Amino acid sequence: MTLKTTDKWETIAKQQLSRNAFGYLSGGAGSEVSLKYNAEQFNRYRLIPRLLRDVSHVDTSVELLHSTIQAPILLAPIGFHTIVHECGERASASAANTLGLPFIQSTVASFSIEDISEVMTESDHYFQLYWPSDDDVAYSLVRRAEQAGVKGLVITVDTPVLGRREIDLSHDYFPMDEGAGMANFMTDPVFKEKYVTSEDNQATLKQKIQSILFNQTLTFEKVETLISQTSLPVIIKGILEPSDAKHCKDIGAAGVIVSNHGARQLDSAIEPLEVIEEIREKVGHDFPLLIDGGIRRGTDVIKAYMLGADSVLIGRPYIYGLTGGEVGVRDVLEQLIDDLTVNLKLLGAASWHELSPAQIRRL
Ligand SMILES: Cc1cc2nc3c(=O)[nH]c(=O)nc-3n(C[C@H](O)[C@H](O)[C@H](O)COP(=O)(O)O)c2cc1C
Ligand SMILES: O=C(O)C(=O)c1ccccc1
């Protein structure tokens, strides 16, 4: 049986991974109503082609924070890649690097910031920060990201606590139980100094990381202070409300990612595509706005762009591809870029600025 690429890798992942690992990757929070509608939100819109234009050469590239990226697609931060493939983030980052797309490394990656920066020789490497409840550790991670030469920080702010994913609760599963996702802590001089003793074993180390991983006291003021103290541009991830987005801009953020965390945090959180136009209106035209959640095809990228996003992030599609290692991730990305290219041609646009707002309609 031949399957469409997006479904193909999900099917392979479901067959090959443990029930626990696949449940963790695919699951959403609570009722999973947002998970369902993240995928469906794009179907509310239709596209209108404009024809008889020369589309023999399509340029899919865009500028993001003064870098040219080959398509407006970033690999979203996803923790714990080694539960999918032993090469983990190294494989995913390498696929992104080859195709000229940015890779956003999670705080809970299974390889360190320094390891992944070695892989990202051609494309941009971003570091996603879960600001730990210990500021010393937070700032240590930021300093390491600066020294490793990352392009920017992505601070995820929709996770004061982990959402209730009932599938993981029913499996009593947390990926760190498999030893995944600890690398950035185990290589951190401040974490080691403050938390690690010679009596520690895997279980106590995991507990110590988990005890500081999330931070329920994070505020705009604290993020503003960090922005003033780092040389890196800071993108804020997890915003769904226009005034929050404007507040991020006002404190000096370099951009915002409109996201409901792939429907894994607030149960019943609104679909990002529903709010992107309002947010764009609130922050104005020149402020970098990214979006994620449910992006599966080229036309999803196009619709997000036409409604006001500068670029998109993809999460589950590439992590399912990682079941096949670097080759699998590359397959997912190549198919998505091809789908995007073909559909831009069919819309009559040889580049992004040739798309007209009149070419999208909400039904
Ligand atoms: C398995 C998994 C792990 C994730 N881990 C993180 C993470 O460590 N940090 C973060 O900011 N977002 C994390 N996310 C959210 C993604 O960055 C992204 O917002 C989401 O996956 C986009 O939706 P999509 O999967 O429908 O493309 C995770 C998502 C998944 C599916
Ligand atoms: O699974 C997630 O969505 C996620 O972001 C996360 C991060 C750290 C620990 C557990 C889950």
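What counts, and where the lines are drawn
Residues numbered from 1 in each chain as written. Chains lettered and ligands numbered in written order. Predicted model: local features only at pLDDT ≥ 70, side-chain atom pairs only at ≥ 80, totals over all residues. Heavy atoms only, no water. UniProt positions renumbered as here; feature names shortened; annotations may be inferred. Helix = DSSP H or I, 4+ residues; strand = E, 2+ residues; numbered from the N terminus. Rg over C-alpha atoms; globule rule 2.2 N^0.38 Å. Buried < 20%, exposed > 50% of the residue type's maximum accessible area, 1.4 Å probe, protein only. Contact = heavy atoms within 4.5 Å. Areas by Shrake-Rupley, 256 points an atom, 1.4 Å probe, with all protein chains shown as cover. Patch = residues over 30% accessible without salt bridge, like charges linked within 9 Å, V, L, I, M, F, W, Y side chains within 5 Å. Salt bridge = Lys/Arg side-chain N within 4 Å of Asp/Glu carboxyl O. Lys, Arg positive; Asp, Glu negative; His and termini not counted. Charge placed at Lys NZ, Arg CZ, Asp CG, Glu CD. Near = heavy atom within 4 Å. Polar contact = N/O pair within 3.5 Å; in protein donor to acceptor, adjacent residues only side chain to side chain. Axes fitted to C-alpha atoms, helices over the stretch in contact; angles between N-to-C directions. Parallel < 35°, antiparallel > 145°, perpendicular 65-115°, else oblique. Left-handed = near helix turned anticlockwise from the far one by under 90°. 1 Å grid on protein atoms, 1.4 Å probe; cavity = no way out; pocket = protein on both sides within 12 Å on 5 of 7 lines; lining within 4 Å. Points joined across faces, edges and corners; volume = space filled by probe spheres on them. Nonpolar A, V, L, I, M, F, W, Y, C, P; charged D, E, K, R; others polar. Phe/Tyr/Trp six-rings, centres within 6.5 Å; stacked < 30°, edge-to-face > 60°. Lys NZ or Arg CZ within 6 Å of the ring centre and 35° of its normal.

The name an unreviewed UniProt entry assigns to the protein chain is L-lactate oxidase, from the organism Halolactibacillus miurensis. As recorded by UniProt, the Cofactor (unreviewed entry) comment attached to the protein chain reads in full: "FMN". Regarding the protein chain, the UniProt comment filed under Sequence similarities (unreviewed entry) reads as follows: "Belongs to the FMN-dependent alpha-hydroxy acid dehydrogenase family."

Visitor: Give a description of the overall build of the protein chain that names residues and reports values.
Guide: If you tally the helices and strands in the protein chain, you get 16 helices and 12 strands. Taken over C-alpha atoms, the radius of gyration comes to 20 Å for the protein chain, in line with the 21 Å a tight globule of 363 residues would show. On the principal axes, the C-alpha backbone points of the protein chain span a range of 70 × 50 × 40 Å. A total of 363 residues make up the protein chain; the buried ones form 57% of that total. Restricting to contacts in the protein chain with at least 6 residues of sequence separation, those with at least 24 account for 73%. As presented, the protein chain carries roughly 15400 Å² of accessible surface, and 49% of it is formed by carbon and sulfur atoms.

Visitor: Got a sec to walk through a negative patch on the surface? Specific residues and values, please.
Guide: A surface patch of negative charge is lined by E241, D244, E277, E278 and E281. The element best represented in the negative patch is helix α13 (residues 272-283), accounting for three residues. Look at E278 and you get partly exposed, because its relative accessible area is 46%.

Visitor: Describe the site of ligand 1, listing the residues and the values that go with them.
Guide: P77, S106, T156, D292 and R296 are the nearest of the 23 residues found near ligand 1. With respect to ligand 1, the side chain of Q128 contributes an N or O atom lying 3.2 Å from a nitrogen atom. Relative to its free-state accessible area of 600 Å², ligand 1 is covered by the protein chains to the extent of 98%.

Visitor: Quick one: what's the story with the packing of helix α4 (residues 88-99) against helix α16 (residues 325-347), residue by residue and with numbers?
Guide: Contact geometry for α4 and α16: axes closest at 8 Å, N-to-C directions at 45°. With respect to each other, α4 and α16 are oriented oblique. You can see that α4 and α16 cross each other, and the crossing is right-handed. Here α4 contributes A91, S92, S94, A95, A96, T98 and L99 to the contact with α16, which in turn contributes G325, E326, V329, R330, L333 and E334.

Visitor: If you had to explain the layout of surface pockets to someone new, which residues and values would you point to?
Guide: Taken as a whole, the largest pocket encloses approximately 450 Å³ of empty space. Forming the walls of the largest pocket are 20 residues, and the residues nearest its centre are D7, E10, A39, G294 and R296. If you list the elements that add at least two residues to the lining of the largest pocket, you get α1 (5-16), α3 (33-40), α14 (298-306) and α15 (316-321).

Visitor: Summarise the UniProt feature "binding site: glyoxylate" (unreviewed entry) in the protein chain; cite the residues concerned and give the values.
Guide: Residues annotated by UniProt as "binding site: glyoxylate" (unreviewed entry) correspond here to Y24, R165, H261 and R264. Taken along the chain, the residues just named run across 241 residues; in space they keep tight, none of their C-alpha pairs more than 13.4 Å apart. Among the residues just listed, Y24, R165, H261 and R264 line the largest cavity. Within the element layout of this structure, R165 appears in the loop between β7 (152-156) and α7 (166-171). Excluding residues within four positions of it along the chain, R165 makes contact with Y24, G28, A29, H261, R264 and Q265.

Visitor: Outline empty space enclosed by the protein, listing residues and values.
Guide: One pass over the structure, following the stated rule, counts one cavity of 30 Å³ or more. Of the volumes computed, that of the largest cavity is approximately 500 Å³. Those elements giving two or more residues to the lining of the largest cavity turn out to be α2 (19-26), β11 (311-314) and α15. For the lining of the largest cavity, the residue count by class is 16 nonpolar, nine polar and six charged.

Visitor: With reference to specific residues and values, describe the packing of aromatic side chains.
Guide: For the structure shown, the criterion picks out nine aromatic pairs. With a centroid separation of 4.6 Å and 45° between ring planes, the pair formed by Y305 and W352 is classed as tilted. Placement of Y305 in helix α14 and of W352 in the loop between α16 and β12 (360-362) is noted, with a sequence separation of 47 residues between them. In textbook terms, an aromatic cluster arises when at least three aromatic residues are bridged by ring pairs, as seen for Y24, F80, Y173 and F174. Across from the ring centre of F111, 5.7 Å away, lies the NZ or CZ of R90, which sits over that ring. It is R264 that lies over the ring of Y24; its NZ or CZ is 4.8 Å from the centre.

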